[in-house]
Amino acid sequence: KELNHSRKYMHSLTQLDDYNRLLMAISEKDISRIHQIIDVALRHGSSVRDIINKLEDVLEGAYSPRGYDANDLDIATLIFRLGGHQLLFMMNQILGVPSLHTLRSKSTFTSITPTISPIRDEQFDQNIRNVVMTTRAHLSLASLRGVSLMIDEIALGEMAVHFSKYNKVGGLCWKHSHTVKPVLHTYKSAMHIAQKIHAGELHLGKELTVIGTSCFGEDEIYPILAAPTCKSKDTSDMEHILTRAIGSWNRTGVSKSVGPIWSLATDGDATRRAAGHRLFIKFPLPPESSLYGMLVNLQGLNLFTGEGEITLDFDFKHVFKRICMLIWAPGGIVLNNGRVINSMMLARYLVWLPAYDEAAVTKLLHPDDPQDVPRAVELMLAIIEFSKSQCHVLNDLFSLEVDTHADLISISLLSALLESILTPFINVSLSLSEQFQYLSHYAHLAYAFFHAHQCPFMSYQLYYDTQTVVKNACFSLAKQQSLDPRAHFYLGDVGDDPLEILFSRTCMIGGHNSACSYAQAIDRLGAAKDIDGIFKHHAELDPDHCRLKLTRHEGVDHINREIWKGDIAANRCDLPLAWRNGCDSALSILITSQLDPVHYSFADHFNNSDVNMLRPFGQNKYFGITMEEELEDPSHVPELPPPVASSPPLQCLETILSNENGDMLQLDKANRCEEEDKIMLTFQEVLINESPADAPSNSEPPLADALSPSLPHGPGIQTDYMPTHHQ
């Protein structure tokens, strides 16, 4: 019995010694791919001593571990795409990552077909098969999704490049490349192309037009066109490109295997806006559509779409930046019967916030980079926070002077507008119903303010774009409820953010050097697609892009569907109810403002089928799109006069006369000229003019009573009234 105990003790001591040797080997030696070595040994039932012997063989070079998992291949792909094959070779020798030969045999690299001639269907078809179908088959993605078509441009170096695979010259603008044959047969072929470029009949590409597709509910982006352009394209050219893209998507069958195209997303480019308007605000939604029963109950929503019920969309991050650029501009945003909110006004009030001193406010209102999304979001949040901090002051009419009180009321209206467009995209605790209630709230507020002030409130293009964002979100949700009501609908899938991220990765690969050839550009675009796919699987490796984030806090993840806490199941959102609730909340704010109720009588306005959010005055006039002379302002708000150089206030009172009937009259042209002549006097003339000797003895008494109170005046006061005598 004692001998048996002795054997057990010796065996246990031997095992402990083996474990200690294993720990010492791991701690003292840098053994490459140790995880794979131990994993294979354990699967073969090896003992601890066998594992130690195997590790010693690895250190002596007698054994090389085999077999790579998906993570190894992803890391090797990142190294290859970011650092090239030389860096991958070094990492293979040092760390044992897969070699380039292994990568090529086990992975698929994205290859984009170049556009060497005018854009044709064959180029779309090849890219759809090579990029979309191959990638989704590799990832085993088979569920049907809604698809968003995205288009944008990226800078390109003006240079021609020879594609040896095709023996053709690339980098020529697609619009004018039909004037030459790009095949290089002889030296004269190259000379002929050079002569055409020198004569101005042919141009080198200045930008790269990229069209990509992204599925709702997924993070992948699939570039299906990369064509150089000389930037001379017009609206008809853009219509031609988009029509071909949609036709190829349907013709290749991916509309049935991947999903139908729901929307076209872009930024605020005027050419793409006009082309998108012509293509996707074309036909009224037919009553037999599966979407009609729901969307017709969204009072005021524009129900015009393109073929296949495709709608136009704009990137919400671009919208945030453009709203802030409007605030930063001297003209600012006009609200509440003429109050101008701009950076000069906000600089006086944002310093009241404890978190902002004068330097921080100056940096917020005068940013170095107007394209910085986090800076724009920070400004919007600061305005919202300031308005909420002043609620108790607004309720006390006697705590502030009249001018300051009027400023705070206007800022509170702006805060409500900004909160309703920003919160649905950044508050991760909101449910889908709450998100669309906010969007409805914004649509109704913006409609009322634009109906009252038009361009002084917001530029026509920006108003069109923001209302289109709301419209597309409603259409997309309705389509999701029709396609798969149990699926989640993430609001961040609207817009063209995936394409913007792809561009940022493309610039990262090239060291942010835009002077690259067309061949380098499409190669980097394919590499960016591979990198983007890996970062989607390994979010912990993605450093993100500071200018595309919604916040600048370190350690805060890029807002995405995985971290969204609210209930975003499509079938749990009652869209018509959320729309009505948003309208009611907007009315509760508008009735407390100084706007005439005629501007927010939504029921009366939308009873006219020709009036909706995109056509606030009917007559088939889309502000920001219609090229004819715009409509006159029906609210009769007087235009702001030009500022007087010697007067610091932002606004001036407009001179208004009244006749015997009390009707308002403006000075005619002759009288205005006489008044201007009187003002344009020299210093000597002013002294003579104001001399008592020259003053008439029978001057009439002033119209106003000397004891009557003076009229309100000062910065931001806009007179929409008329002074009268003894009334």
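On a predicted model such as this, the values are computed, not experimentally measured, just so you know.

Novice: Tell me what's going on with the overall build of the protein, and back it up with residues and numbers.
Specialist: The number of helices and strands found in the protein is 25 helices and 13 strands. At a minimum sequence separation of 6, the contacts of the protein that also span at least 24 residues come to 73%. For the protein, the accessible area works out to roughly 36700 Å², and carbon and sulfur atoms hold 54% of it.

Novice: Lay out helix H12 (residues 316-328) in plain terms, naming residues and giving numbers.
Specialist: Taking 1.5 Å as the rise per residue, H12 with 13 residues should run 18 Å; its terminal C-alpha atoms sit 18 Å apart, in good agreement. In terms of burial, H12 is largely enclosed, as 11 of its 13 residues are buried. All buried positions along H12 are accounted for by Phe 316, Lys 317, His 318, Val 319, Phe 320, Lys 321, Ile 323, Cys 324, Leu 326, Ile 327 and Trp 328.

Novice: Lay out the pattern of salt bridges with the relevant residues and their values.
Specialist: For the structure on display, the rule yields 28 salt bridges. A salt bridge links Asp 237 to Lys 175, with the shortest nitrogen-to-oxygen separation between them at 2.7 Å. Of the two residues, Asp 237 sits in helix H8 (residues 235-251) while Lys 175 sits in the loop between strand E3 (168-170) and helix H7 (187-199), which places them 62 residues apart along the sequence. According to the relative accessible area criterion, Lys 175 is partly exposed, its value standing at 24%. Arg 348 is the partner of Asp 407 in a salt bridge, and the nearest nitrogen-oxygen pair spans 3.4 Å. Here Arg 348 lies in helix H13 (residues 343-349) and Asp 407 lies in helix H17 (residues 402-426), a separation of 59 residues in the sequence. The class of Asp 407 is buried, set by a relative accessible area of 2%.

Novice: Explain the side chain of Lys 479 to me, using residue names and the numbers behind them.
Specialist: On the secondary structure map, Lys 479 appears in helix H19 (residues 460-483). Among buried Asp, Glu, Lys and Arg side chains, Lys 479 stands out as unpaired, with Glu 309 the closest opposite charge at 5.7 Å. Polar contacts involving the side chain of Lys 479 include one to the main-chain carbonyl oxygen of Glu 309, which spans 2.5 Å. When near neighbours in sequence (up to four residues on either side) are disregarded, Lys 479 contacts Trp 262, Leu 291, Glu 309, Ile 310 and Thr 311.

Novice: Any chance you could break down the sheet that holds strand E6 (residues 261-266) for me, citing the residues and the numbers?
Specialist: Across a sheet, paired strands are connected by hydrogen bonds in the backbone, their directions being either parallel or antiparallel. The mixed open sheet is built from five strands, whose spatial order is E5-E4-E1-E6-E9. In this open sheet, the two edge strands, each paired with only one partner strand, are strand E5 (221-229) and strand E9 (311-314). The mean angle between the axes of side-by-side strands here comes to 25 degrees, regardless of whether they run parallel or antiparallel. Pairing geometry for strand E1 (residues 147-155) and strand E4 (residues 207-215), over nine bridges, is antiparallel. What sits directly across from Asp 152, in E4, is Val 210.

Novice: Give me the lowdown on the pairing of E6, citing residues and values where you can.
Specialist: Most of E6 sits inside the fold, with six of its six residues counted as buried. Judged from the four bridges that link them, E1 and E6 form a sheet pairing that is parallel. Each bridged residue has a counterpart across the sheet, and for Ser 148 the counterpart in E6 is Ser 263. The pairing of E6 with E9 spans four bridges and is parallel. Residue pairing in the sheet places Leu 264 in a bridge with Leu 312 of E9.

Novice: Can you explain the confidence of the model for the protein? Please cite residues and give values.
Specialist: Looking at the protein, the pLDDT average stands at 81 and 77% of residues meet or exceed 70. No element of the protein has a lower mean pLDDT than strand E12 (residues 657-658), at 37, and none a higher one than E9, at 97.

Novice: Requested: an account of the packing of helix H18 (residues 432-453) against H19, with residues and values cited.
Specialist: Packing of H18 against H19 brings their axes to within 11 Å, and their N-to-C directions diverge by 150 degrees. With respect to each other, H18 and H19 are oriented roughly antiparallel. Read as a crossing pair, H18 and H19 show a hand that is left-handed. In this structure, H18 uses Leu 432, Phe 436, Leu 439, Tyr 442, Ala 443, Ala 446, Tyr 447 and Phe 450 to contact H19, whose residues at the interface are Tyr 460, Tyr 463, Thr 466, Gln 467, Val 470, Ala 473, Cys 474 and Leu 477.

Novice: So what's going on with the packing of aromatic side chains? Residues and values would help.
Specialist: Applying the stated criterion to the full structure yields 23 aromatic pairs. Ring centres of Phe 450 and Tyr 460 lie 5.8 Å apart, and the angle between their planes is 75 degrees; on these two criteria the pair is classed as edge-to-face. Taken together, the residues Phe 450 in helix H18 and Tyr 460 in helix H19 connect sequence positions 10 residues apart. The exposure class of Phe 450 is buried, given its relative accessible area of 0%. With a centroid separation of 5.9 Å and an interplanar angle of 65 degrees, the aromatic rings of Tyr 490 and Trp 564 are classed as edge-to-face. Residue Tyr 490 is found in the loop between H19 and helix H20 (497-509), and its partner Trp 564 is found in the loop between helix H21 (518-537) and helix H22 (575-590); the two are separated by 74 residues along the sequence. Given a relative accessible area of 9%, Trp 564 falls into the buried group. Aromatic ring contacts, followed pair by pair, group Phe 450, Tyr 460, Tyr 463, Phe 617 and Phe 623 into a single cluster. Over the ring of Phe 109 we find Arg 81; its NZ or CZ atom is 5.0 Å from the centre of that ring.

Novice: Would you mind going over the environment of His 444 in detail, with residue names and values included?
Specialist: One can find His 444 in helix H18. What makes His 444 buried here is its relative accessible area of 1%. It is 6.1 Å that separates the C-alpha atoms of His 444 and Cys 583, two residues lying 139 residues apart in sequence. If sequence neighbours within four positions are ignored, His 444 has contacts with Gln 299, Trp 579, Cys 583, Ala 586, Leu 590, Phe 602 and Met 613.

Novice: Give a detailed account of H7, specifying residues and quantitative values.
Specialist: Given a rise of 1.5 Å per residue, 13 residues ought to cover 18 Å, and the 19 Å separating the end C-alpha atoms of H7 matches this to within 8%. By the burial criterion, the buried members of H7 are Ser 189, Ile 193 and Lys 196. Projected onto a plane normal to the axis of H7, the buried residues spread over an arc of 60 degrees and lie on a single side. Opposite the buried face of H7, at more than 90 degrees from it, the exposed residues are Tyr 187, Lys 188, Gln 195, His 198 and Ala 199. The inward-facing, buried residues of H7 contact E3. Trailing H7 by a residue or two, Gly 200 shows a phi angle of about 85 degrees, which is positive.

Novice: Could you give me a rundown of the environment of Phe 89, with the residues and numbers involved?
Specialist: Summarising the element assignment, Phe 89 is placed in helix H4 (residues 70-95). In this structure Phe 89 comes out as exposed when scored by relative accessible area, which is 53%. Distance in space between the C-alpha atoms of Phe 89 and Ser 99 is 6.5 Å, their sequence separation being 10 residues.

Criteria and thresholds
Residues numbered from 1 in each chain as written. Predicted model: local features only at pLDDT ≥ 70, side-chain atom pairs only at ≥ 80, totals over all residues. Heavy atoms only, no water. Helix = DSSP H or I, 4+ residues; strand = E, 2+ residues; numbered from the N terminus. Contact = heavy atoms within 4.5 Å. Areas by Shrake-Rupley, 256 points an atom, 1.4 Å probe, with all protein chains shown as cover. Expected span 1.5 Å × (residues − 1). Buried < 20%, exposed > 50% of the residue type's maximum accessible area, 1.4 Å probe, protein only. Salt bridge = Lys/Arg side-chain N within 4 Å of Asp/Glu carboxyl O. Lys, Arg positive; Asp, Glu negative; His and termini not counted. Polar contact = N/O pair within 3.5 Å; in protein donor to acceptor, adjacent residues only side chain to side chain. Pairing = 2+ DSSP bridges. Axes fitted to C-alpha atoms, helices over the stretch in contact; angles between N-to-C directions. pLDDT = per-residue confidence, 0-100. Parallel < 35°, antiparallel > 145°, perpendicular 65-115°, else oblique. Left-handed = near helix turned anticlockwise from the far one by under 90°. Phe/Tyr/Trp six-rings, centres within 6.5 Å; stacked < 30°, edge-to-face > 60°. Lys NZ or Arg CZ within 6 Å of the ring centre and 35° of its normal. Arc of directions from axis to C-beta.

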